[in-house]
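What follows is each chain in one-letter form.
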Amino acid sequence: GRLGMVPPRGGVAAGGSLSGAGAAAETNTAPADRDDPTPTTAAAPAGPNCPLTGEPVPGGGPVPQRSALGFKVDNYPTARPQTGLNKADIVFEEPVEGGITRYVAVFQCQGVTLVGDVRSARNIDIGILGQLGHPVIVHVGGIIPVLNNINNSPLVNFTLGAHTSVITHVSGRYAPYDTYTSTTDVWNAEKTKVTVPHPLFTYSTTIPSGTPAATVSIPFSSYSMVDWRYNPQTKAYDRFYGTIPDNLSTGTQNSAANVVVQFVHITYGPWTENSTGGLEVQANLYTNASGQGLVFRDGVEVKGAWSRSSLGQPTQFKTTKGSTIALQPGNTWVELVPDTISVTTTPGTSTTGK
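Summary of the structure given here. In this text, all values refer to a predicted model and were calculated from it rather than measured experimentally. Sequence positions are assigned chain by chain, starting from 1 and proceeding in written order. Local features in a predicted model are, by the rule used here, given only for residues with pLDDT of at least 70; side-chain atom pairs are given and counted only at 80 or more, and totals for whole chains, interfaces and linings are based on all residues. Excluding hydrogens and water, the side-chain values take into account all heavy atoms of the structure.

What about the sheet that holds strand E7 (residues 168-169)?
One bridge is not enough; two strands pair if DSSP finds at least two bridges between them. Put simply, DSSP marks the helices as runs of H or I at least four residues long and the strands as runs of E at least two long, and each gets a number from the N terminus on. The strand order across the open sheet formed by three strands is E4-E8-E7, and the pairing between neighbours is antiparallel. Unpaired on one side and paired on the other, strand E4 (115-116) and E7 mark the two borders of the sheet.

Some points on the pairing of strand E12 (residues 236-241)
E12 sits mainly inside the fold: six of its six residues count as buried. Burial along E12 is two-sided: Ala236, Asp238 and Phe240 and Tyr237, Arg239 and Tyr241, pointing in opposite directions, are all buried. Note: strand E11 (residues 224-231) against E12, six bridges, orientation antiparallel. Its bridge partner lying in E12, tyrosine 230 is registered against tyrosine 237. Hairpin connection, E11 to E12: the antiparallel pair is bridged by four residues, and lysine 235 has positive phi, about 55°. Relative accessibility under 20% of the residue-type maximum defines a buried residue, over 50% an exposed one, and the middle range a partly exposed one, all with a 1.4 Å probe and only protein chains included.

Considering the pairing of strand E22 (residues 343-346)
Residues in a regular strand project their side chains so that they alternate between the two faces of the sheet. Every second residue of E22 is oriented toward a common face, the buried set being Val343 and Thr345 and the non-buried set Thr344 and Thr346. In this structure, strand E10 (residues 215-221) lies alongside E22, joined through three bridges in antiparallel fashion. In the strand pairing of E22, serine 217 is matched with threonine 344. Pairing analysis gives two bridges linking E22 to strand E23 (residues 350-351), with the strands arranged antiparallel. Residue pairing across strands places threonine 344 opposite serine 350, the latter belonging to E23.

Description of the nonpolar core
The biggest cluster of nonpolar side chains holds 41 residues, and the ones touching the most others in it are Phe71, Ile218 and Trp228. Beyond its immediate sequence surroundings of up to four residues, phenylalanine 71 is in contact with Tyr103, Val104, Ala105, Phe107, Val115, Val118, Val138, Thr181, Ser182, Thr183 and Val186. Here, nonpolar core means buried Ala, Val, Leu, Ile, Met, Phe, Trp, Tyr and Cys residues that are tied together by side-chain atoms lying within 4.5 Å of each other. With 39 residues, the next largest nonpolar core counts Phe92, Ala121, Val281 and Val334 among its residues. The contact criterion used throughout is that any non-hydrogen atoms of two residues lie within 4.5 Å.

Notes on the environment of proline 56
Mapped onto the elements, proline 56 comes out in the segment before strand E1 (69-74). A relative accessible area of 56% means that proline 56 is categorised as exposed. Proline 56 sits 274 residues away from glycine 330 along the chain, and the two C-alpha atoms are 9.5 Å apart. The residues contacting proline 56, other than those within four sequence positions of it, are Pro48, Asn49 and Cys50.

Some details on the packing of aromatic side chains
Aromatic rings in a pair are described by how distant their centres are and how their planes are angled relative to each other. Each aromatic pair joins two rings of Phe, Tyr and Trp (for Trp, the six-membered one) with centres within 6.5 Å, and gets the label stacked for planes under 30 degrees apart, edge-to-face for over 60, and tilted for any other angle. Taken as a whole, this structure holds seven aromatic pairs when the rule is applied. Judged by centre distance (6.3 Å) and plane angle (75°), the ring pair of tyrosine 237 and phenylalanine 296 falls under edge-to-face. A residue pair is termed long-range when its members are at least 10 positions apart, and tyrosine 237 in strand E12 and phenylalanine 296 in strand E18 (residues 289-297) qualify at 59 residues. Members of the aromatic cluster, connected to one another through ring pairs, are Tyr103, Trp228 and Trp333. The criterion for a charge sitting over a ring is simple: Lys NZ or Arg CZ within 6 Å of the ring centre, and within 35 degrees of the ring normal. One Lys or Arg, arginine 66, reaches over the ring of tryptophan 187 and ends 3.6 Å from the middle of that ring. A cation over a ring is seen here: arginine 229 above phenylalanine 240, with NZ or CZ 4.1 Å from the ring centre.

So, the side chain of threonine 83
Secondary-structure assignment places threonine 83 in the loop between E1 and strand E2 (90-95). N or O atoms closer than or at 3.5 Å make up a polar contact, with two conditions inside protein: a donor-capable atom paired with an acceptor-capable one, and, for residues adjacent in sequence, both atoms drawn from side chains. Among the polar contacts listed, one links the side chain of threonine 83 to the side chain of serine 249, at a separation of 2.7 Å. Discounting residues that sit within four places of it in the chain, threonine 83 has contacts with Leu114, Val115, Gly116, Tyr180, Leu248 and Ser249.

Focus: the state of the cysteines
For this text, the term disulfide refers to a pair of cysteine sulfurs within 2.5 Å. Going through the model one piece at a time under the given rule, you end up with one disulfide. Covalently, cysteine 50 is tied to cysteine 109 through a disulfide, its sulfur atoms 2.0 Å apart. On the sign convention where negative means left-handed, the S-S torsion of about -85° between cysteine 50 and cysteine 109 marks this disulfide as left-handed. Here the residue cysteine 50 occupies a position in the segment before E1, and cysteine 109 occupies one in the loop between strand E3 (101-107) and E4, the gap between them amounting to 59 residues. Judged by its relative accessible area of 3%, cysteine 50 falls in the buried class.

Observations regarding the side chain of serine 224
Along the chain, the position of serine 224 falls in strand E11. Under the relative-accessibility criterion, serine 224 is labelled buried at 0%. Within the structure, the side chain of serine 224 is placed 3.3 Å from the side chain of arginine 80, a separation counted as a polar contact.

This is a description of form; function is not addressed.
This is the structure we're talking about:
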């Protein structure tokens, strides 16, 4: 989508229902894989840790009293390389129409001078961001049913079409891949939005028991053949497309302390998203929703399941025995993978959400 104005924002309480031709109601209730690791018990280090990373605040000091920002960032091949994702606390990768993926890059504890390129919103963004209280969703517009649903959700709707002063057009980039902004500019424009999000995950420095996982392959489509490779030196997973490093515009490779695979059941429609007839991707992420889940950290795969009861509640990732799966303190990428896709690991196994 291109820049677009939206109607005034409406408000409902966190956890409230969406109005309009809203989200799909399908729930993935497939049983989880039975591999069940020993749960972790060590607590994260004491101190003022960032709610969305479990790490101390960069530069020290208290946790910033501000809402999370969720930037819609393109991942069509011609939109690469992106900018600013390495400073995000959490990056969600979502399937959208036509087999492509798009990001929701969430910033709260630290900012970045340039993030983008920024693209349009999708209905699935409400489910992704609703668990962060009253986050600000930053985008360039969207189709009317999606915008209506955002306006009737707990999200703060920040379309760049209504805030053109915060837009930066980067030299060498061309429409629609040339719209960027900064976290500072958005936070300054929304100074009254100070709902600090609750933590989404539990953190522990104890390495869990599980299956060794040196690589994680997620074949979203021919546009996004994602590979994560564990780097023992940095204790993080580096991101590739096949053998090609997924580098940002600065040359920094995308990497994550934690890679979380959340298998979701998707449907298509009822709305058309583009001129070629691509239908909106829908997924139930919060209405008594559940499915299989995989957590990768410290070179280890932990298998389990995810569940979520309402929009305002965080997604729970637990072993099949009911123990919470703890993440390594640091940044996290959450891969929302259609449950028809097989995720393979080496050494390891192949898993689908079915």
